[in-house]
Amino acid sequence: MFASLKVRNYRLFFMGQVVSNIGTWMQRIAQDWLVLSLTGSSAAVGITTALQFLPMLLFGLYGGVLVDRLPKRPTLLVTQTAMALTALALAALTLSGHVQVWHVYVAAFAMGLATVMDNPARQTFVSELVGRDQLQNAVSMNSANFQSARLVGPAVAGLMITGVGTGWAFLANGLSFVAPLTCLLLMRARELHAGRPTPRGKGQLREGLRYVAGRPELIWTITLVGFIGTFGFNFPVFLSAFADDVFDAGAGAYSLFNTLMAVGSLAGALLAARRGTARLRVLIAAALGFGALEIVASTAPELWLFALLMVPIGVFSMTVNVTANTSIQMSTDPAMRGRVMALYMMVFLGGSPVGAPIVGWVTDTYGARVGFAAGGAVAATAALVIGLVLARVGNLRLSVGWHRGHPQVRFVPRERQEALAPAA
């Protein structure tokens, strides 16, 4: 489960990200709650989320082209510094009492601009840290890292918001970037599995798109992740609305929901680390389960039941995330990895500028329960349709039968199913 941590450079990367991720989660919670406090609108929270991911939607593919051309470690030093300065600026405005909602919008957009290159650079840098043999494990450990921080960050943010205010959470996030910057500087360059940067040339963006379009296992996986990221993963909108409007429980409940989801997400990441391969059937099943659980949670009559359902939702959401990420990286040529991962992150994160305002409007107009259920319905429908498409592309058919006294539903090759069919 922890094999990739034996690699010194990855161990440094992992430790730096633990500290930074805690700060990132603190800022996410504080940012959402600050906007809700300033405006009283779930739609405004959705706009903030949209602005943070809008740069990825607009410029994500170009970021991938640049990442393929540039060395990864210096790129990360620049992007992490930019995000630290943005968080410190927002902290200064909030602590001085001059913050307005448009300041938060600008800060969210600035963070998004940095992630245009930071996200694909971090994703592809993992393979340079550990090599292909440990890639599956390292990607899963990255997710476990992020979700471990999610256990601490929201809880600390909740205490800070209720105790001393949101500005201190922004300050803590800005200072947390010292850890990853230090760890990046301490890495041994000779131990990196660095590939040769792609030379500058014309048509590299189109080349990356053609590469993805010609491979069904890539294009349909990215499409599925796009639907789920756009409509199902808008948790800042959903959970803040349930905490404030449905259960009238305040920032403490919002922090609790995020923490319990992190427990499930951490479990999902560790389970993924134990699996040797990333199978598309696991991705489809997890996406179906995720959508179904969101629909069930939307009907929860009590706060405690809704909170408990955050755990399995976290497990299924992380299974979707890790399985999609790993299968795409393992299926992609290293020379194309920056562009392909940028497209993946653009669709996954860039869908929020489209989905968050829509989901926020539905939530404000029809209520949090309808908004949450609608997001789950879109995710489940997309998983079902794309699962059938992939089965058809792979020449598979649905097989329903019994195995050791239990019903079994699975996809099998057409030739195999036809051979098993009884003769007329």
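Refer to the structure presented above.
Reading the values: the criteria
- Residues numbered from 1 in each chain as written.
- Predicted model: local features only at pLDDT ≥ 70, side-chain atom pairs only at ≥ 80, totals over all residues.
- Heavy atoms only, no water.
- Salt bridge = Lys/Arg side-chain N within 4 Å of Asp/Glu carboxyl O.
- Helix = DSSP H or I, 4+ residues; strand = E, 2+ residues; numbered from the N terminus.
- Buried < 20%, exposed > 50% of the residue type's maximum accessible area, 1.4 Å probe, protein only.
- Axes fitted to C-alpha atoms, helices over the stretch in contact; angles between N-to-C directions.
- Parallel < 35°, antiparallel > 145°, perpendicular 65-115°, else oblique.
- Left-handed = near helix turned anticlockwise from the far one by under 90°.
- Contact = heavy atoms within 4.5 Å.
- Phe/Tyr/Trp six-rings, centres within 6.5 Å; stacked < 30°, edge-to-face > 60°.
- Lys NZ or Arg CZ within 6 Å of the ring centre and 35° of its normal.

Novice: Give me the pattern of salt bridges: which residues, what numbers.
Specialist: For the structure shown, the criterion picks out 3 salt bridges. Residue arginine 122 is joined to aspartate 118 by a salt bridge in which the shortest nitrogen-to-oxygen separation is 2.7 Å. Linking arginine 122 with aspartate 118, this pair stays in helix α4 (residues 101-130), spanning 4 residues, or about one helical turn. Residue arginine 122 is classed as partly exposed on the basis of its relative accessible area, which comes to 21%. Its relative accessible area of 1% is what places aspartate 118 among the buried residues.

Novice: So what's going on with the packing of helix α12 (residues 280-298) against helix α13 (residues 303-330)? Which residues, and what values?
Specialist: Interaxial distance between α12 and α13 falls to 9 Å at its minimum, and their mutual angle equals 155°. It follows that α12 is roughly antiparallel to α13 by the angle criterion. The hand of the α12/α13 crossing is left-handed. Counting all contacts with α12, which are made through Leu280, Val282, Leu283, Ala285, Ala286, Ala287, Gly289, Phe290, Leu293, Glu294, Val296 and Ala297, the residues of α13 involved are Phe306, Leu309, Met310, Pro312, Ile313, Phe316, Ser317, Thr319, Val320, Thr323, Ala324 and Ser327.

Novice: Account for the side chain of asparagine 21, naming residues and giving values.
Specialist: Relative to the helices and strands, asparagine 21 resides in helix α1 (residues 8-39). Non-local contacts of asparagine 21, meaning those with residues more than four positions away in its chain, are made with Asn145, Phe146 and Ala149.

Novice: An account of the packing of aromatic side chains is requested, with residue identities and associated values reported.
Specialist: Applying the stated criterion across every chain, the model contains 16 aromatic pairs. Measuring from centroid to centroid gives 5.8 Å for phenylalanine 247 and phenylalanine 306, while their planes differ by 55°, and the two rings are tilted. Of the two residues, phenylalanine 247 is situated in the loop between α10 (235-246) and α11 (250-274) and phenylalanine 306 in helix α13; the sequence distance between them amounts to 59 residues. The two residues phenylalanine 247 and phenylalanine 306 agree in class, both being buried. Three or more aromatic residues joined by ring pairs form one cluster here, namely Phe238, Phe242, Phe247, Phe257, Phe306 and Phe372. It is arginine 28 that lies over the ring of tryptophan 25; its NZ or CZ is 4.8 Å from the centre.

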